[in-house]
Amino acid sequence: MSTKNDVLTQLLNSADYISGQQLADKLCVSRAAVWKAVKALVREGYEIDAVTNKGYRLLNNDDLVSAQSIKLNLKKDIDVLYLSTVDSTNNYCKRLLAEGRQGAFLVAADRQTAGRGRQGKSFYSPAGTGIYFSLVIRPDTSLQNAVTATTAAAVAVCKAIEGLTDKKPKIKWVNDVYLDGKKICGILTEAITNFEEGTVDSVIVGIGINISTDDFPKDIEDAGSLNTNVSKSKLVAETVNELMNIAAGDYKSFIDYYRSHSLVIGEKIRFIQNGVVTPAKAVAIDETGGLEVELENGEHTVLRSGEISIRKM
C-alpha cells in the first residue's frame, strides 16, 4: 500500500488530530513523506484540517470514497478496489475472475460508462451522485444461486439504508428498491459457471444506488434518489455487511423481511412474460422468493423467471 493510502487509513481511523510525527512513526516513513501524502490527498478532494502543534484531521468527506474508507467499515476482511470510472463494475469483476482472481472481493466506482441492469437494460450511472459496486461471493455460502442472491441484495440495501438514514425503502419484486414511489436502486446478479464441471464458481452481485441524482434521461421511468446526507463509503460497506450476514445467517428472517418490505403485495399488477401482458393481483411471496399472483379467473400461479417484469396498475 502507498504512503498516501496508509495516511488516509490512519486519518479515517481517527476522530481527532494526528501529528505528522505520530503518522511518520506509525508508518515508518519520514515527516516529509507524510506531508507529501497529505498534499496528494488534498489534491484528490479530501478536506484535511492542518493545525500547528496539533497535526492533521480528516473533515467531513461523505461524498469522497476510497478503497480504504470502504474497507474501514467492513466487518469481514475482503479485498476492495475503487475506481473513479469503469464500464461496468460487474464486467470488471468478470475480467478479474477470468484473470484468476480468487476469494471474495468488492469493486466500487464513482461512475459507470456502460452500467447494466436486468433484461439487457442499461443503468444510468453518472459521476458524483450515486455509488455503484459489485460483490463477488463464492458458492460456499447460501447465496450460491443468482435468484437467492438477488433478493438478498434487495434486503441488504434496504437494511443498510434504514440503518444509516431515517428513510424507509420498499422492494418491488424481484429486486428493485423504491422510495416514495421512485426507483432508487437497481440490482444485477450474475452466476459464473464452470461449464466443464457444471457448477457455479462465483456469484457477482451488482448494485447501483442513486443518492442525489436528479437529472435522469427522458427514457428512464420512475427514477428517484435517496436524497439524504449519507456517507457513500458507509452505505457500500453496510450493504455488503448485511449481504454477508444473510449469506451466513437465518434464511427465514431474511425472507420475512423481504415480505414485510414488499411494494406489491395486495396490489393489482400486470406481469409481462414472453411478450404477453397479463393482469393479476399480487398475493404473497413464497418461501423461495417467488411472487404468488391471482389471475382474473381466480387461478393462482407463482412468478419466478427473471424475464418477467411487473407494473402496478
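Residues numbered from 1 in each chain as written. Predicted model: local features only at pLDDT ≥ 70, side-chain atom pairs only at ≥ 80, totals over all residues. Heavy atoms only, no water.

**Structural notes on the pattern of salt bridges**
Thinking step 1. In this structure the tally under the stated criterion is 10 salt bridges.
Thinking step 2. For Arg116, the salt bridge goes to Glu190, with nearest N and O atoms at 2.7 Å. Residue Arg116 is located in the loop between strand E4 (105–109) and strand E5 (130–137), and its partner Glu190 is located in strand E8 (residues 182–194); the two are separated by 74 residues in the primary sequence.
Thinking step 3. Take Arg116: its relative accessible area is 30%, and that puts it in the partly exposed class. (Salt bridge = Lys/Arg side-chain N within 4 Å of Asp/Glu carboxyl O. Helix = DSSP H or I, 4+ residues; strand = E, 2+ residues; numbered from the N terminus. Buried < 20%, exposed > 50% of the residue type's maximum accessible area, 1.4 Å probe, protein only.)

**Details of the confidence of the model for the chain**
Thinking step 1. In the predicted model, the chain carries a mean pLDDT of 88, and the fraction of residues at 70 or more is 90%.
Thinking step 2. Taken element by element, the chain is modelled with least confidence in strand E14 (residues 309–312), mean pLDDT 66, and with most confidence in E4, mean pLDDT 96. (pLDDT = per-residue confidence, 0-100.)

**A word on the environment of Val283**
Thinking step 1. With respect to the secondary-structure elements, Val283 resides in strand E11 (residues 276–285).
Thinking step 2. Of the residues examined, Val283 reaches a relative accessible area of 31% and is grouped as partly exposed.
Thinking step 3. Along the primary structure Val283 and Ile211 are separated by 72 residues, whereas in three dimensions their C-alpha atoms are 31 Å apart.
Thinking step 4. What Val283 contacts, discounting residues up to four positions off in sequence, is Ile265, Glu292, Val293, Glu294 and His300. (Contact = heavy atoms within 4.5 Å.)

**Some details on the packing of aromatic side chains**
Aromatic ring pairs are described here by two measures, namely the spacing of the ring centres and the angle between the planes.
Thinking step 1. Considering all chains together, one arrives at 2 aromatic pairs under this definition.
Thinking step 2. Centre to centre, the rings of Phe123 and Tyr132 are 6.4 Å apart; their planes meet at 70 degrees, and the pair counts as edge-to-face. Each of the two residues, Phe123 as well as Tyr132, counts as buried.
Thinking step 3. Lying over the aromatic face of Tyr257, Lys159 brings its terminal NZ or CZ to 5.1 Å of the ring centre. (Phe/Tyr/Trp six-rings, centres within 6.5 Å; stacked < 30°, edge-to-face > 60°. Lys NZ or Arg CZ within 6 Å of the ring centre and 35° of its normal.)

**Some thoughts on the environment of Leu11**
Thinking step 1. Here Leu11 is to be found in helix H1 (residues 3–12).
Thinking step 2. Leaving out residues up to four positions away in the same chain, Leu11 has contacts with Ile18, Leu41, Ile48, Tyr56, Arg57 and Leu58.

**Examining unusual backbone geometry**
Negative phi values dominate among residues other than glycine, just as trans dominates among peptide bonds.
Thinking step 1. The omega torsion across Trp173 and Val174 is 10 degrees, close enough to zero to call that bond cis.
Thinking step 2. With respect to the helices and strands, the residue Val174 is situated in the loop between strand E6 (170–172) and strand E7 (176–179).
Thinking step 3. One non-glycine residue with positive phi stands out, namely Asp222, at about 55 degrees.
Thinking step 4. Counting through the fold element by element, Asp222 comes out in the loop between strand E9 (199–210) and helix H7 (232–248).
Thinking step 5. Of note, Asn227 is a non-glycine position whose phi angle comes to about 50 degrees, a positive value.
Thinking step 6. On the secondary structure map, Asn227 appears in the loop between E9 and H7.
Thinking step 7. Overall, Asn227 belongs to the exposed group, its relative accessible area being 53%.

**Brief notes about the side chain of Thr213**
Thinking step 1. Its location among the elements puts Thr213 in the loop between E9 and H7.
Thinking step 2. There is a polar contact of 2.7 Å between the side chain of Thr213 and the side chain of Thr129.
Thinking step 3. In contact with Thr213, other than residues within four places in its own chain, are Tyr124, Pro126, Thr129, Gly130 and Ser225. (Polar contact = N/O pair within 3.5 Å; in protein donor to acceptor, adjacent residues only side chain to side chain.)

**Structural notes on the pairing of strand E2 (residues 55–58)**
Each regular strand displays side chains that alternate between the two surfaces of the sheet.
Thinking step 1. As judged from the 4 bridges shared by strand E1 (residues 48–51) and E2, these two strands associate in the antiparallel manner. In the strand pairing of E2, Asp49 is matched with Arg57.
Thinking step 2. Counting the residues between successive antiparallel strands, the hairpin from E1 to E2 contains 3 residues, one of them, Asn53, with a positive phi of roughly 70 degrees. (Pairing = 2+ DSSP bridges.)

**Some remarks on the pairing of E11**
Thinking step 1. In this sheet, E11 lies alongside strand E10 (residues 268–273) in antiparallel orientation, the contact comprising 6 bridges. Across the sheet, residue Ile272 finds its bridge partner in E11, namely Val277.
Thinking step 2. Where E10 folds back onto E11 in an antiparallel hairpin, the turn is made up of 2 residues, including Asn274, whose phi is positive at roughly 55 degrees.
Thinking step 3. Taking the residues between adjacent antiparallel strands as the criterion, E11 and strand E12 (residues 291–295) are bridged by 5 residues, where Gly289 takes a positive phi near 90 degrees.

**Regarding the environment of Glu44**
Thinking step 1. Within the secondary structure, Glu44 sits in the loop between helix H3 (31–43) and E1.
Thinking step 2. Under the relative-accessibility criterion, Glu44 is labelled partly exposed at 42%.
Thinking step 3. Note: C-alpha distance between Glu44 and Leu64 (20 residues apart in sequence) is 9.1 Å.
Thinking step 4. Setting aside its immediate chain neighbours within four residues, Glu44 contacts Lys4 and Leu64.

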